[in-house]
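# Structural description and commentary
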Amino acid sequence: NIGMAHLEGFGGLEGVKKGKSELYEFLAENNGVAFINKNEKYLADLSNEIGHRRVFYGNFDSSENEVWLRVQRLRSSNELLKVGFWNIQEENFEIQTNLIGDYNLPNLAAAICLGLYFKVDENKLSQALAGYVSQNNRSQIIEYKGARIILDAYNANPSSVLLAINNFSRFDEAPKVVILGAMKELGSYSKAEHIKIAEQIQAYNFEQTFLVGEEYREAAKLFDFSFFSDVQALKESLKDDFFKNKLILIKGSRSTTLEKLVQ
């Protein structure tokens, strides 16, 4: 996808589009195949030169002739992601996953599309995705000192943080606590993007918000959120019973190492 990531190196969204389009240019020159999420902006146009060697997929409620695979979210008794997909023969399959957040729907769709393209049996494919449990600080759900924690501390950019916050706001559980680590590689966009995130958090009125890392200093001051220069300072400030009976979102860039809060 094309999002607000690595802006410092690419110089802005147009630079991100240009950089990622080079992947398609290589495929076009070498007769490669591109798997493209039709729901993502820009991708269809950027990949035009690949022509008929494009496999489109997406989460559509109704079929489109060029969409080879359709995937959509199904209702579930809990907040874990449940999806249904239709293969090219219009057979229906359902997968109850161990993943949290609508932002994981495109990841599942990509995995299903690749599996079907390489002729993996649909039932085996479904079982594999249903059995997958996220690790390595990516959308993990863990229990820690009486709290239920969504640990997503591997990477963070304005696009992914907003998605994580919006998803977190839908949970019925309370009290809810947000702990965010600074977003890196944003260059001249850094100040504005960190303030934008803080502004969005204020609109949801979570019980507590902790912002970690110098990039968040001004945003924390503007919205009167708790600020800590690094994860160690935050960890030392938390009392022994802080985690008890809370639902907590932990989201930050790799360099902020927010996973140390639960180690």
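Right, let's walk through the structure included here. (Residues numbered from 1 in each chain as written. Predicted model: local features only at pLDDT ≥ 70, side-chain atom pairs only at ≥ 80, totals over all residues. Heavy atoms only, no water.)

## Regarding the overall build of the protein chain
Basically, it comes down to this: By the criteria applied, helices consist of DSSP H or I runs no shorter than four residues and strands consist of E runs no shorter than two, each listed in order from the N terminus. Only protein chains enter the area calculation, which uses a 1.4 Å probe; residues under 20% of their type maximum are buried, those over 50% are exposed, and those in between are partly exposed. Here, two residues are considered to be in contact whenever any of their heavy atoms come within 4.5 Å of each other.
Helix and strand counts for the protein chain come out as nine helices and eleven strands. Structurally, the protein chain occupies a C-alpha span of about 55 × 40 × 30 Å along its principal axes. Within the span of the protein chain, comprising 263 residues, buried residues form 48% of the whole. In the protein chain, of all internal contacts separated by at least 6 residues, the share reaching a separation of at least 24 is 54%.

## Brief notes about the environment of proline 158
Following the sequence through the fold, proline 158 ends up in helix α6 (residues 158–168). Proline 158 sits in the buried class, given a relative accessible area of 2%. Taking the C-alpha atoms as reference points, proline 158 and lysine 196, 38 residues apart in sequence, are found 8.6 Å from one another.

## Brief notes about the packing of aromatic side chains
For clarity, the cut-off: Note on aromatic pairs: the rings of Phe, Tyr and Trp (six-membered ring only in Trp) are paired at centre separations within 6.5 Å, and the planes decide the class, stacked below 30 degrees, edge-to-face beyond 60, tilted for the rest. Counted as over-ring charges are cases with an Arg CZ or a Lys NZ within 6 Å of the ring centre that also lie within 35 degrees of the ring normal.
Scanning all chains against the criterion turns up eleven aromatic pairs. Ring geometry for tyrosine 117 and phenylalanine 118: centres 5.1 Å apart, planes at 85 degrees, overall edge-to-face. With a centroid separation of 5.7 Å and 80 degrees between ring planes, the pair formed by phenylalanine 210 and phenylalanine 242 is classed as edge-to-face. Placement of phenylalanine 210 in strand β9 (residues 208–212) and of phenylalanine 242 in the loop between α9 (231–237) and β11 (247–251) is noted, with a sequence separation of 32 residues between them. The structure contains a cluster of three or more aromatic residues connected by ring pairs, namely Tyr144, Phe210, Phe228, Phe242 and Phe243. Above the face of the phenylalanine 242 ring, lysine 246 is positioned so that its terminal group lies 5.0 Å from the ring centre.

## As for the sheet that holds β9
Worth spelling out the cut-off: Note: two strands are recorded as paired if DSSP finds a minimum of 2 bridges between them. Interaxial angles span 0 to 180 degrees and are taken between N-to-C directions of axes, which are lines fitted to C-alpha atoms, for helices over the stretch in contact.
Taken in spatial order, the six strands make up an open sheet running β6-β7-β11-β8-β9-β10, and their pairing is mixed. Taken across any chain shown, the strands that pair with only one partner, and hence form the sheet edges, are β6 (140–144) and β10 (226–228). Taken pair by pair, the neighbouring strands of this sheet meet at an average axis angle of 20 degrees, ignoring direction. Contacting β7 (147–152), β8 (176–181) and β11, α6 runs over the sheet at an angle of about 175 degrees to β11.

## Some words on the pairing of β9
Selection criterion: Handedness of a crossover is defined as follows: orient the strands so they point away from the viewer, and if the path from the first strand over the helix to the second runs clockwise, the crossover is right-handed.
Burial of β9 is extensive: four of the five residues sit out of reach of the surface. Bridge count between β8 and β9: five bridges; the pairing is parallel. In the sheet register, valine 177 faces β9, and the bridge partner there is glutamine 208. A crossover links β8 with its parallel partner β9, the connecting element being helix α7 (residues 190–204), and its sense is right-handed. With helix α8 (residues 217–223) bridging β9 and the parallel β10, this β-α-β connection has right-handed handedness.

## Observations regarding the side chain of aspartate 152
Our working rule: Any pair of N or O atoms that falls within 3.5 Å is considered a polar contact. Within protein, one atom must be able to donate a hydrogen and the other to accept it, and sequence-neighbouring residues count only if both atoms are side-chain atoms.
Examined against the element boundaries, aspartate 152 turns out to sit in strand β7. A polar contact is formed between the side chain of aspartate 152 and the side chain of lysine 251, at a distance of 3.4 Å. Residues in contact with aspartate 152, not counting those within four places in the same chain, are Tyr103, Asn137, Arg138, Ser139, Ile250, Lys251 and Gly252.

## Examining the packing of α6 against α7
Convention followed: Note on terminology: angles under 35 degrees are roughly parallel, angles over 145 are roughly antiparallel, angles of 65 to 115 are roughly perpendicular, and the others are oblique. For this scheme, ten residues count as nonpolar: Ala, Val, Leu, Ile, Met, Phe, Trp, Tyr, Cys and Pro. Four count as charged, namely Asp, Glu, Lys and Arg, and the remainder, Gly too, count as polar.
Remark: α6 packs on α7, axes separated minimally by 11 Å, with the N-to-C direction vectors making an angle of 5 degrees. When the axis of α6 is compared with that of α7, the two are roughly parallel. Residues Pro158, Val161, Leu162, Ile165 and Asn166 of α6 lie in contact with α7, whose contacting residues are Glu193, Ile197, Gln200, Ile201 and Tyr204. Split into classes, the residues belonging to the contact of α6 with α7 amount to seven nonpolar, two polar and one charged.

## Examining the packing of helix α4 (residues 105–117) against helix α5 (residues 122–131)
Using the following cut-off: By definition, any crossing whose near helix is turned counterclockwise from its far helix by less than a right angle is left-handed, and any crossing with a clockwise turn is right-handed.
Two elements in contact, α4 and α5, have axes whose closest approach is 10 Å; the angle formed by their N-to-C orientations is 150 degrees. Here α5 runs roughly antiparallel to α4, going by the angle between their axes. Relative to α5, the crossing made by α4 is right-handed. Together, Leu108, Ala111, Ile112, Gly115 and Leu116 of α4 and Glu122, Leu125 and Leu129 of α5 make up the contact between the two elements.

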